[in-house]
Amino acid sequence: MPSAPLPLLAAPISFGTDGWRGILGVDITLERLLPVAAAAAAELAHSAPAELDSRTVVIGFDRRFLAPEFAAAIAAAVRGVGLEPLLALEPLPTPAISWVVVTRKALGGLVITASHNPAEWLGLKIKGHFGGSVEADFTARVEQRLAAGAVTVPEVGETACFDGWSEYLTGLRSKIDVQALRHGLEEMDLAVIVDPMHGSAAGGLPALLGDVVQEIRSNRDPLFGGNPPEPLAPYLSELISTVKAATAAAKSAVGIVFDGDGDRIAAIDEQGRYCSTQLLMPLFIDHLARARQLPGKVVKTVSGSDLMQLVAEDLGREVLEMPVGFKYIASEMLSSEVLVGGEESGGVGFGMHLPERDAPFAALLLLEALVKGGKPLGVRLDELQNRCGGPSYYNRLDLRLKDMASRLRLEKQLAEAPPSEVAGVVVQEFVRTDGLKLRLGPSHWLMLRFSGTEPLLRLYCEAPTPERVAVVLHWAQQLAEA
């Protein structure tokens with residue numbers, strides 16, 4: 001998808017589904033970032049539980065252009081509101097910052113990252129004291145602080161630093177028996193190929209599992225090889241070809257991919273098939289409920305595959321469906337017992353861990369599921385689908401609309417006169433949990449939703465055949481562009 005033209009004016013400071021993001025040098029400048037960081041830090045202190053005796057705000061950053069420098073700069077903004085910044089020594093996956101926030105009992109965390117967005121983007125994520133993304137009411141209060149015009153002066157000074165990789169990897173080892181996992185992978189003779197997409201999760205799995213892991217695209221590249229660091233099939237040709245080559249060499253292989261800040265995951269099975277969390281989430285549900293016998297419900301977003309619900313119900317687990325955005329899942333994880341919660345876009349969290357998307361931790365559980373099952377990924381997924389209604393297929397199409405007027409017209413049309421038929425099939429149900437979801441039958445639906453962080457319309461479809469997915473998405477594209 002071609003890049004959008006560079007905007008000439010900065011957009012208003014507004015938080016989306018996970019943080020404030022925008023074009024570096026237009027929306028995200030140091031002049032704008034410093035007051036946002038100060039307001040966020042002040043709100044972390046104001047909203048902290050009374051029993052939390054801390055003045056520390058953990059600061060992290062990814063591998064994007066100027067991310068390390070901006071992270072060091074916002075330490076002065078944190079000091080300016082009377083708090084103590086604690087800065088990462090090097091780029092870290094976002095979940096590593098959440099882990100450090102929890103283990104050090106800090107007020108929260110600020111992460112300079114634009115996650116999976118294109119290379120020209122940068123942003124700020126806010127993590128609460130509980131180790132997950134803050135909710136919409138919190139970011140609304142940050143925006144109110146900015147609108148009120150309260151002035152705080154950044155305070156220059158020495159910033160304490162911490163070795164985040166060491167703390168994070170120690171935490172993962174406390175949750176997963178990595179030695180047993182490595183032995184199991186060797187016994188299976190399973191080649192594990194990891195693609196961190198030049199992002200900040202590079203080096204994590206090799207540090208845990210040693211030479212059973214081969215890593216590609218592990219160097220820092222702020223341009224991410226020319227594509228957004230989002231774990232989508234069109235951006236993974238090198239990983240797919242590497243996995244296919246390993247399988248052709250008579251050694252079963254699995255590919256694992258992380259996004260730019262290490263909170264999203266996808267996989268490539270032994271035949272080179274792309275496996276989003278639409279397929280991985282059902283496997284996590286099955287492994288954690290059946291093999292690990294862990295308690296809790298399943299939480300999915302409205303854009304998640306029906307297979308998630310079918311597998312969960314087959315195992316007697318309650319399923320909750322939420323709007324898109326992991327903060328909604330995290331809220332449920334904080335208030336009740338959750339087995340696993342996840343989004344179609346790659347974010348998965350686990351009740352046994354943090355109320356946070358954590359792709360390296362998810363990767364370890366994925367490999368554990370393969371070792372426990374003794375079968376490669378594609379075989380496991382086919383068995384799950386056959387057990388729960390048969391195969392289904394999924395794809396997502398992102399469209400840049402011509403202008404805001406086009407978007408407003410389409411939003412109005414979908415709200416007032418939604419289509420009663422989609423590509424020749426009658427709509428059975430309208431779901432407005434988030435955007436508009438048109439249910440057409442079992443494991444057959446179309447969803448239209450405007451992005452919370454980019455000027456995009458996202459089209460989601462699940463259907464019984466890949467041909468039907470293509471037909472429905474083409475139909476939806478024509479509707480949007482009309």
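Reading the values: rules and limits
Position numbers for residues count from 1 along each chain, tracking the sequence in the order it is written. For a predicted model such as this one, the threshold for reporting local features is a pLDDT of at least 70, and the threshold for listing and counting side-chain atom pairs is 80 or more; totals across whole chains, interfaces and linings nevertheless cover every residue. Water and hydrogen atoms were dropped before computing side-chain values, which therefore reflect all heavy atoms in the structure. For two strands to count as paired, DSSP must find a minimum of two bridges between them. For the purposes of this entry, the term helix denotes a DSSP run of H or I that reaches at least four residues, the term strand denotes a run of E that reaches at least two, and both are numbered from the N terminus. Lines fitted to the C-alpha atoms define the axes, with helices restricted to the stretch that makes contact. Angles between their N-to-C directions range from 0 to 180 degrees. In this analysis, two residues are considered to be in contact whenever any of their non-hydrogen atoms come within 4.5 Å of each other. Exposure categories follow from relative accessible area, calculated using a 1.4 Å probe and restricted to protein chains: below 20% of the type maximum is buried, above 50% is exposed, and the middle band is partly exposed. If you view a crossover with the strands going away from you and the path from the first strand over the helix to the second runs clockwise, you call it right-handed. By convention a nonpolar core is built from buried Ala, Val, Leu, Ile, Met, Phe, Trp, Tyr and Cys residues, the set being connected through side-chain atoms within 4.5 Å.

Describe the sheet that holds strand 15 (residues 348–350), with residues and values.
The strand order across the open sheet built from 4 strands is 13-12-14-15, with neighbouring strands paired in mixed fashion. Edge positions in the sheet fall to strand 13 (319–322) and strand 15, since each has one partner strand and no second. Here the average twist between neighbouring strands, direction ignored, is 15°. The sheet contact formed by strand 12 (residues 297–301) and strand 14 (residues 338–342) spans 4 bridges and is parallel. Bridging across to strand 14, Val299 finds its partner in Gly341.

Requested: an account of the environment of Leu34, with residues and values cited.
By secondary structure assignment, the location of Leu34 is in helix 1 (residues 30–47). The spatial distance from the C-alpha of Leu34 to the C-alpha of Phe70 is 9.0 Å, given a sequence separation of 36 residues. Those residues within four positions of Leu34 in sequence are excluded, and the remaining contacts are Ala73, Ile74, Ala77 and Pro154.

So what's going on with the pairing of strand 2 (residues 56–61)? Residues and values would help.
Regular strands show a simple pattern: their side chains alternate between the two faces of the sheet. Most of strand 2 is tucked away, with 5 of its 6 residues classed as buried. With helix 2 (residues 67–80) bridging strand 2 and its parallel neighbour strand 3 (residues 84–88), the resulting β-α-β unit is right-handed. Bridging between strand 2 and strand 4 (residues 108–112) involves 5 bridges; their strand directions are parallel. Looking across to strand 4, one finds that Gly60 is bridged to Val111.

Explain the sheet that holds strand 4 to me, and be specific about the residues and the numbers.
If you trace the 6 strands from one edge of the open sheet to the other, you get 1-5-4-2-3-6, paired in mixed fashion. Looking at the sheet topology across the chains shown, the edges are occupied by strand 1 (20–23) and strand 6 (160–162). Taking the axes of each pair of neighbouring strands and ignoring which way they run, one obtains an average angle of 20° across the sheet.

Give a detailed account of the nonpolar core, specifying residues and quantitative values.
Counting residues in each nonpolar core, the largest one holds 103 residues, and the members touching the most others are Leu110, Ile112, Leu209, Ile256, Val340 and Leu377. No other element matches the 10 residues that helix 12 (residues 359–373) contributes to this core. Among residues more than four places away in sequence, those in contact with Leu110 are Ala37, Ala40, Leu44, Val57, Val58, Ile59, Gly60, Ile74, Val78, Leu124, Lys125 and Ile126. Core analysis: the second largest hydrophobic core is formed by 21 residues, Leu446, Leu457, Ala463 and Leu473 among them.

Help me get a handle on the environment of Cys461, residues and values and all.
Tracing the sequence through the fold places Cys461 in strand 22 (residues 457–463). Note on Cys461: relative accessible area 0%, which makes it buried. The spacing of Cys461 and Leu448 is 13 residues in sequence and 9.0 Å in space, taken between C-alpha atoms. Discounting chain neighbours no more than four positions away, the residues touching Cys461 are Tyr393, Tyr394, Asn395, Trp445, Val469, Val472 and Leu473.

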